[in-house]
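Structural overview
Single-letter residue listing:
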Amino acid sequence: MNQHSQITRRSLLKTLGAAGAGVWALPHLVPSRALAGEGAKSKLNLALLGCGGRMGQILGSALDQGDNVVAICDVDARQIAVLKNKFSAPLERAKVYEDYRQLLDVEKSVDAVVIAPGQRWHVPMSKAAMLAGKHVFCEKPLAHSCAEAREIRELGRQSQLATQLGTQGGSTDTFRRSMEVIQA
């Protein structure tokens, strides 16, 4: 091999660096909707399960994304009234339910559910929603035992639905610093 056709470590690193910069720049230059396909353009139809205090905070973010709320469920009509008062226009056409099982049976247009009731209901509501083929965002704590967590994990794997647990507290600088101190 002559000297001009040899790959040196320096030339390899330059080539990889240029390729890496291109990959990094792509999402900054091309809108994500162009890369993601039709699904990223469409709005989600959401159902809200549990309308207490935390739902009011979560719902603001969902509405900022342009999602539709098609159904709301809470056993306490006063909680629904408070939420509807706070977000009157986006919730005016949402159907109201007292039983989440009935909501999941009737509302076929729902793409995903947001679950934020009292914590003892997180597992049964998450399971029911996934069994109904709905994507799930659930506030913490998801489960109260390892067995419950494993059951939900397995159901998520089998259903291949998008699931997310609300752990916004873990994204703060204070929390990250606490973890650094603990790990050190």
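Preceding block: the structure.
Residues numbered from 1 in each chain as written. Predicted model: local features only at pLDDT ≥ 70, side-chain atom pairs only at ≥ 80, totals over all residues. Heavy atoms only, no water.

**Focus on the nonpolar core**
In plain terms, the rule: Working definition of a nonpolar core: buried Ala, Val, Leu, Ile, Met, Phe, Trp, Tyr and Cys residues. They are joined through side-chain atoms within 4.5 Å. The rule is simple: take the accessible area with a 1.4 Å probe, protein chains only, and divide by the maximum for that residue type; under 20% is buried, over 50% is exposed, in between is partly exposed. Put simply, DSSP H or I for four residues or longer makes a helix, DSSP E for two residues or longer makes a strand, and each gets a number counted from the N terminus.
With 22 residues, the main nonpolar core has L49, L103, V113, I115 and V136 as its most contacted residues. Sorting the residues of this core by element identifies β1 (45-49), β2 (68-73), α6 (100-106), β4 (112-115), α7 (122-131), β5 (135-139) and α8 (146-159) as the ones contributing at least two each. For this core, the element with the most residues is α7, which contributes 4 residues.

**Section: the layout of surface pockets**
Here is the rule: Using a grid of 1 Å spacing that covers the protein atoms alone, one calls a set of points a cavity when a 1.4 Å probe fits there but cannot get out, and a pocket when the set is open and has protein on both sides within 12 Å along at least five of seven lines; lining residues are those with an atom within 4 Å of a point. Grid points are joined across faces, edges and corners, and a volume is the space filled by probe spheres set on the points. Put simply, Ala, Val, Leu, Ile, Met, Phe, Trp, Tyr, Cys and Pro go in the nonpolar bin, Asp, Glu, Lys and Arg in the charged bin, and everything else, Gly too, in the polar bin.
The volume enclosed by the second largest pocket comes to roughly 200 Å³. Among the residues forming the lining of the second largest pocket, the class breakdown is 7 nonpolar, 2 polar and 4 charged.

**With respect to the pairing of β4**
The test is simple: At least two DSSP bridges between two strands are required for those strands to pair.
Burial along β4 is two-sided: the face carrying A112 and V114 and the face carrying V113 and I115 are both buried. The pairing of β1 with β4 spans 4 bridges and is classified as parallel. Residue pairing across strands places L46 opposite A112, the latter belonging to β4. Bridging between β4 and β5 involves 4 bridges; their strand directions are parallel. Looking across to β5, one finds that I115 is bridged to C138.

**Some words on the packing of aromatic side chains**
The cut-off we apply is this: Two aromatic rings, drawn from Phe, Tyr or Trp (for Trp, its six-membered ring), form a pair once their centres lie within 6.5 Å of each other, and the interplanar angle then sorts them: stacked below 30 degrees, edge-to-face above 60, tilted otherwise. Charges are assigned to positions over rings by a cutoff of 6 Å between ring centre and Lys NZ or Arg CZ, combined with an angular limit of 35 degrees from the ring normal.
What the rule picks out here adds up to 1 aromatic pair. Measuring from ring centre to ring centre gives 6.2 Å for Y100 and W121, while their planes differ by 70°; the resulting arrangement is edge-to-face. In this pair, Y100 sits in helix α6 while W121 sits in the loop between β4 and α7, placing the two residues 21 residues apart along the sequence. The cationic tip of R101 hangs over the ring face of Y100; the distance from NZ or CZ to the ring centre is 5.6 Å.

**Looking at α7**
Quick reminder: α-helices carry 3.6 residues per turn. Residues three or four places apart thus point the same way. What counts is decided by this rule: We call two residues in contact when some of their heavy atoms are within 4.5 Å.
Within the span of α7, buried status applies to H122, V123, M125, S126, A129 and M130. Looking at the buried residues of α7, the elements they touch are β1, α6, β4, β5, α8 and β6 (163-166). Where α7 terminates, the next one or two residues include G133, which has phi positive at roughly 80°.

**Examining the pattern of salt bridges**
Which entries qualify depends on this criterion: A side-chain nitrogen of Lys or Arg and a carboxyl oxygen of Asp or Glu constitute a salt bridge if their distance falls within 4 Å.
For the structure on display, the rule yields 6 salt bridges. Among the salt bridges present, the one from R78 reaches D76, with a minimum N-O distance of 3.1 Å. Here D99 and R101 are joined by a salt bridge, their closest N and O atoms 2.9 Å apart. Classification of D99 as partly exposed rests on a relative accessible area of 25%. Using a relative accessible area of 51% as the deciding quantity, one classes R101 as exposed.

**Focus: the pairing of β5**
Keep this limit in mind: Assignment of crossover handedness uses the view with strands pointing away from the viewer, where a clockwise path from the first strand over the helix to the second indicates a right-handed crossover.
Handedness of the β4-α7-β5 crossover: right-handed. Here β5 pairs with β6 via 4 bridges, running parallel. When the bridges of β6 are listed, C138 appears paired with L165. After leaving β5, the chain enters α8 and then returns to the sheet as β6, a path that is right-handed.

**Considering the side chain of K134**
Note the following rule: His is not counted, nor are the chain ends; Lys and Arg add positive charge and Asp and Glu add negative charge. Throughout this description, a polar contact denotes any pair of N or O atoms lying within 3.5 Å of each other; where both atoms belong to protein, one of them has to be capable of donating a hydrogen while the other can accept it, and for residues adjacent in sequence the pair is counted only when both atoms sit in side chains.
Inspection of the secondary structure assignment puts K134 in the loop between α7 and β5. Comment: no salt bridge for buried K134; closest opposite-charge side chain is D111, at 6.8 Å. In terms of polar contacts, K134 uses its side chain to reach the backbone carbonyl oxygen of V110, at 3.0 Å.

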